[in-house]
Amino acid sequence: MALGTARPALPALLALIGALLPGLGGAQTSVHPLEAIIPRGGSVQVNCSTSCDHRPFLGLETQLTKKEVAQGDNWKMFELSGVQEDSTPICFSYCQAQTMVSMSLTVYWFPERVELAPLPRWQPVGENLTLRCQVAGGAPRTNLTVVLLRGEEELSRQPAVGEPAEATVTVLAGRDDHLANFSCRTELDLRSRGLGLFQNSSAPRQLRTFVLPETHPNLVTPSLVEAGTEWPVNCTMDGLFPASEAQVRLELSGRNLHPTVTHNNDSLLATAHDKANMEEEGTRQLSCVVTLGHQSRSWQENVTIYSFPAPNLTLSEPEVSEQTVVTVECEAQAGALVMLSGGVPARLPGPRAQLQLNASAEDNGRIFFCSALLEVAGQVLHKNQTRELRVLYGPRLDKRDCLGNWTWQEGSQQTLTCQAWGNPVPELKCRRKGDNALLPIGDLRPVTREVAGTYLCQARSPRGEVAREVVVNVIYHRNYILTTILVTVAFTIGAAGLAAYFYNRQRKIQKYKLQKAQEAAAMKLNTPATPP
């Protein structure tokens, strides 16, 4: 501050001295150049001269580092170096009178720092975003401008004011701004001073915008899950931007389910398959949290995990002989009710069910069905169990399964069906009486008259033997047409022979009579006449 006030005092002092000293008057002091602009730290040469006609006293008044580099009778050349700021050097001369003249020396320099303030990590679409650019240093400020940019698009242009200078602009963030680069730039325009346009740019900053609807995610899950089984969980959300940047967390009572996330346009789908543990039985909270930008949306659903094993259905013996008493029992876990059925009247559900039966052949293959019921979270669940009873009995060959008489048309396609029953399944063979020819059973084939006859069908198994007689009749037609033809031909031949016989006989008779007539006539001619 002391130096700044001393500079203007010196020219005033010199002017005062010049006014007090007598002189010739009329001599002028000149300076060249009158104006100069140099980079900070640079140098410039200043020529001070006078119009005095005899050798004057010349000098240059300045606080800058100066050096006289040349001189003449009425001029001197000074070099100013290391100039750091604007200055007004004064050339003065004393030619019986004091005269002086000042020049304008301007220093220019580029900003030391051009920086765009950090952008939000995420910017909601549809909200205002303020961009701030700070500029430290740079001169002359009257020629310094700050420009805020979106990519190459100019958003604002402002003069650099203050130290540091700050320029701001507010824009409405949109989807198109996602991943856009924002920056600021300074322009030092010295073209009017014979120099150029000098630009300094900040490092670009990338903006990420997002849209996260106010609606909550849609969580789809079964309300009841059996422990030890795998169950699916789906969480969806629409209207996201950019959906690929959204993070999803699925948790069951704080346990991460590690979902697989897929994206489709502005939607996402998170899926997980979990296996509930026995230790997690009870009502648990399933949550889905979708995070995008610095915001989150969540939703919770209750899931009840239960344990419900199938009922225990037992037969006293799974395989028995006829007339054996069989006990059937069904029992479920505590809290469940069971109902037993299987060819017997159903009883009301209870914690345990039992029935007994005297096994017969009709019970072979009978299915007993036990249904357990358990109420969980207001819903009735069912678990079922089945058992099959096998009854051992000897062969049976009933009329309804093996008819005693078959009558078929010769040449027709027929299947002989004869079914023997028994457990174990008996072996069945049907042999014809007389020649023991086997009757083909179960095969579709044309019927011939050779298959006709009476057969004895026998069914054998380790539990006994049973037999049944069956008769196979085959209907066939004689060839009456051929017989008729043969008879007709025989009749025709016989009639022709008889006609020939009578014809020859009649001819012989006529020939005989003619012969006799001829003989009688001859005798008459040869007999003499009797005299009168």
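Residues numbered from 1 in each chain as written. Predicted model: local features only at pLDDT ≥ 70, side-chain atom pairs only at ≥ 80, totals over all residues. Heavy atoms only, no water.

- Naming follows an unreviewed UniProt entry, where the chain appears as Intercellular adhesion molecule 1 of Lynx pardinus.
- Within the UniProt record for the chain, the comment given under Sequence similarities (unreviewed entry) is "Belongs to the immunoglobulin superfamily. ICAM family." (UniProt positions renumbered as here; feature names shortened; annotations may be inferred.)

## Comments concerning the nonpolar core
Point 1. Core analysis: the largest hydrophobic core is formed by 27 residues, its most contacted members being Trp231, Leu240, Leu250, Leu286 and Val290.
Point 2. Broken down by secondary-structure element, the contributors of at least two residues to this core are β22 (230-237), β23 (247-252), β26 (267-275), β27 (282-292) and β28 (295-306).
Point 3. Those residues within four positions of Leu286 in sequence are excluded, and the remaining contacts are Leu219, Thr221, Trp231, Val233, Glu251, Leu252, Leu257, Trp299, Gln300, Glu301 and Val303.
Point 4. Judged by nonpolar contacts, the second largest core, of 25 residues, contains Ala336, Leu374, Leu389 and Val391. (Core = buried A, V, L, I, M, F, W, Y, C linked by side-chain atoms within 4.5 Å. Buried < 20%, exposed > 50% of the residue type's maximum accessible area, 1.4 Å probe, protein only. Helix = DSSP H or I, 4+ residues; strand = E, 2+ residues; numbered from the N terminus. Contact = heavy atoms within 4.5 Å.)

## Observations regarding the state of the cysteines
Point 1. Evaluation of the coordinates by the stated rule reveals seven disulfides.
Point 2. Between the sulfur atoms of Cys52 and its disulfide partner Cys95 the distance amounts to 1.6 Å. Across the S-S bond of Cys52 and Cys95 the torsion is about 55 degrees, and the bridge reads as right-handed. A residue pair is termed long-range when its members are at least 10 positions apart, and Cys52 in the loop between β3 (42-50) and β4 (57-61) and Cys95 in the loop between β7 (90-94) and β8 (98-102) qualify at 43 residues.
Point 3. With relative accessibility at 6%, the residue Cys52 sits in the buried group.
Point 4. Cys133 shares a disulfide with Cys184; S-S distance 2.0 Å. Residues Cys133 and Cys184 are joined by a disulfide whose S-S torsion is about 65 degrees; by sign, that bridge is right-handed. Within this pair, whereas Cys133 is found in strand β12 (residues 128-136), its partner Cys184 is found in strand β16 (residues 180-189), the two being separated by 51 residues in sequence. (Disulfide = S-S within 2.5 Å.)

## Some remarks on the packing of aromatic side chains
Point 1. Taken as a whole and judged by the stated rule, the model has six aromatic pairs.
Point 2. Centroid distance Phe110 to Phe198: 4.9 Å. Interplanar angle 45 degrees. Geometry classified as tilted. Taken as a pair, Phe110 in the loop between β9 (104-108) and β10 (113-116) and Phe198 in strand β17 (residues 197-201) lie far apart in primary sequence, 88 residues in all.
Point 3. Taking relative accessible area as the criterion, Phe110 reaches 36% and is therefore assigned partly exposed.
Point 4. The exposure class assigned to Phe198 is partly exposed, which follows from its relative accessible area of 26%.
Point 5. Following the ring pairs from residue to residue traces out a cluster consisting of Tyr108, Phe110 and Phe198.
Point 6. We note Arg40 situated over the ring of Trp109; from NZ or CZ to the ring centre the distance is 3.7 Å. (Phe/Tyr/Trp six-rings, centres within 6.5 Å; stacked < 30°, edge-to-face > 60°. Lys NZ or Arg CZ within 6 Å of the ring centre and 35° of its normal.)

## Looking at the pairing of strand β14 (residues 153-159)
Point 1. Pairing between strand β13 (residues 144-150) and β14: six bridges, direction antiparallel. Bridge pairing links Leu148 to Ser156 in β14.
Point 2. Linking two consecutive strands that pair antiparallel, namely β13 and β14, is a turn of two residues; a positive phi of about 65 degrees is found at Gly151 within it. (Pairing = 2+ DSSP bridges.)

## Some points on the environment of Gln84
Point 1. Its place among the elements puts Gln84 in the loop between β6 (75-83) and β7.
Point 2. Between the alpha carbons of Gln84 and Thr106 there is a distance of 9.5 Å; along the sequence they are 22 residues apart.
Point 3. With near-sequence residues (within four places) excluded, Gln84 lies in contact with Arg40, Gly41 and Val107.

## Observations concerning the pattern of salt bridges
Point 1. Enumeration according to the criterion identifies 29 salt bridges in this entry.
Point 2. Close ionic contact of Asp274 with Arg255 constitutes a salt bridge, the shortest N to O distance being 2.8 Å. Highlighted residues: Asp274 in strand β26 and Arg255 in strand β24 (residues 255-256), separated in sequence by 19 residues.
Point 3. Residue Asp274 is classed as buried on the basis of its relative accessible area, which comes to 8%.
Point 4. With a shortest N-O distance of 3.0 Å, Asp363 and Arg366 are connected by a salt bridge.
Point 5. You can call Arg366 partly exposed: its relative accessible area is 24%. (Salt bridge = Lys/Arg side-chain N within 4 Å of Asp/Glu carboxyl O.)

## Comments concerning the sheet that holds strand β20 (residues 218-220)
Point 1. One open sheet accounts for four strands, arranged β20-β22-β26-β25; its pairing is antiparallel. The strands lining the two open edges of the sheet, one partner per strand, are β20 and β25 (260-264). Averaged over all pairs of adjacent strands, the angle between their axes in this sheet comes to 15 degrees, without regard to strand direction. (Axes fitted to C-alpha atoms, helices over the stretch in contact; angles between N-to-C directions.)

## Overview of unusual backbone geometry
Point 1. Here Phe241 and Pro242 are connected by a cis peptide whose omega angle stands at -15 degrees.
Point 2. Counting through the fold element by element, Pro242 comes out in the loop between β22 and β23.
Point 3. Along the chain, Asn423 connects to Pro424 via a cis peptide bond; the corresponding omega equals 5 degrees.
Point 4. Along the chain, Pro424 falls in the loop between β38 (421-423) and β39 (427-432).
Point 5. Even without being glycine, His258 reaches a positive phi, approximately 50 degrees.
Point 6. Positionally, His258 belongs in the loop between β24 and β25.
Point 7. Owing to a relative accessible area of 62%, His258 belongs among the exposed residues under this scheme.
Point 8. Look at Asn265: it is not a glycine, yet its phi comes out positive at around 55 degrees.
Point 9. On the secondary structure map, Asn265 appears in the loop between β25 and β26.
Point 10. What makes Asn265 exposed here is its relative accessible area of 68%.

## Quick look at the sheet that holds strand β41 (residues 453-461)
Point 1. Spatially, four strands are ordered β36-β42-β41-β39 in an open sheet, and the strand pairing comes out mixed. Because the sheet does not close on itself, it has two edges, and the strands there are β36 (405-409) and β39. Pairwise comparison of adjacent strand axes, ignoring direction, gives a mean angle of 25 degrees for this sheet.
Point 2. Bridging between β39 and β41 involves six bridges; their strand directions are antiparallel. Note that in β41 the partner of Glu427 across the bridge is Arg460.

## Thoughts on the environment of Pro426
Point 1. Its location among the elements puts Pro426 in the loop between β38 and β39.
Point 2. Separated by 34 residues in sequence, Pro426 and Arg460 have C-alpha atoms that sit 5.0 Å apart.

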